Amino acid sequence: RFGAWPHQMAPVREVAKLAPRPLLLIYGDHDPQVPLTEGHQLIEAAREPKELFVIDRTDHLGGSSAEFEGYMTRLGQFFEEALANSEGARSPVP
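It should be emphasised that the depicted structure is a prediction, and the values quoted were computed from it without experimental measurement.

Participant: Is there a simple way to explain the side chain of Thr58 in this structure?
Facilitator: Checked against the element boundaries, Thr58 lands in the loop between strand 2 (50–55) and helix 3 (63–66). Polar side-chain contacts of Thr58 include one of 2.9 Å to the backbone oxygen of Asp56. Look past the residues within four positions of Thr58 in its chain and what remains in contact with it is Gly28, Asp29, His30, Asp31, Gly63 and Ala66.

Here's what the structure looks like:
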């Protein structure tokens, strides 16, 4: 469906290349498709600035509906911080 097999994709090998761009990973703690353990592995491999935002009692793609206020607040904070620290610099993702 995406043109690649899951075993061919390894975000944990590539995530460090995103720096110095800010990274916000949002995970539900009850996600059977992308387990929270994978989020922990990604955030460990990533370079700063980085944050793992875990939404309790949430499965895959359920964060915005399960915890709408907290979800929207954290997204707003992330973009405010990221844009405030960008100093207008733009560089393409490798």
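Participant: Honestly, the packing of aromatic side chains in this entry has me stumped. Any pointers?
Facilitator: Within a pair of aromatic rings, the relevant descriptors are the distance that separates the centres and the angle that separates the planes. Counted under the stated rule, the structure contains one aromatic pair. Aromatic side chains Phe78 and Phe79 sit 5.3 Å apart centroid to centroid with 75° between the ring planes, which places their arrangement in the edge-to-face category. The class of Phe78 is buried, set by a relative accessible area of 14%.

Participant: How should the pattern of salt bridges be read in this particular structure?
Facilitator: Here the structure, examined in full by the defined rule, presents three salt bridges. Here Arg74 ties to Glu51 by a salt bridge, and the two come within 2.3 Å at their closest N and O atoms. Here the residue Arg74 occupies a position in helix 4 (residues 68–84), and Glu51 occupies one in strand 2, the gap between them amounting to 23 residues.

Participant: Is there a simple way to explain the nonpolar core in this structure?
Facilitator: Generally speaking, soluble globular proteins have nonpolar side chains that are buried together. Val15, Leu23, Leu25, Tyr27, Leu36, Leu42, Ile43 and Ala46 together form the largest nonpolar core, which totals eight residues. Apart from the residues within four sequence positions on either side, Leu25 is in contact with Gly39, Leu42, Ile43, Glu51, Leu52 and Phe53. Core analysis: the second largest hydrophobic core is formed by five residues, Leu24, Phe53, Ile55 and Phe78 among them.

Calculation notes
Residues numbered from 1 in each chain as written. Predicted model: local features only at pLDDT ≥ 70, side-chain atom pairs only at ≥ 80, totals over all residues. Heavy atoms only, no water. Helix = DSSP H or I, 4+ residues; strand = E, 2+ residues; numbered from the N terminus. Polar contact = N/O pair within 3.5 Å; in protein donor to acceptor, adjacent residues only side chain to side chain. Contact = heavy atoms within 4.5 Å. Phe/Tyr/Trp six-rings, centres within 6.5 Å; stacked < 30°, edge-to-face > 60°. Buried < 20%, exposed > 50% of the residue type's maximum accessible area, 1.4 Å probe, protein only. Salt bridge = Lys/Arg side-chain N within 4 Å of Asp/Glu carboxyl O. Core = buried A, V, L, I, M, F, W, Y, C linked by side-chain atoms within 4.5 Å.

Treat this as a map of the structure, not an account of what it does.
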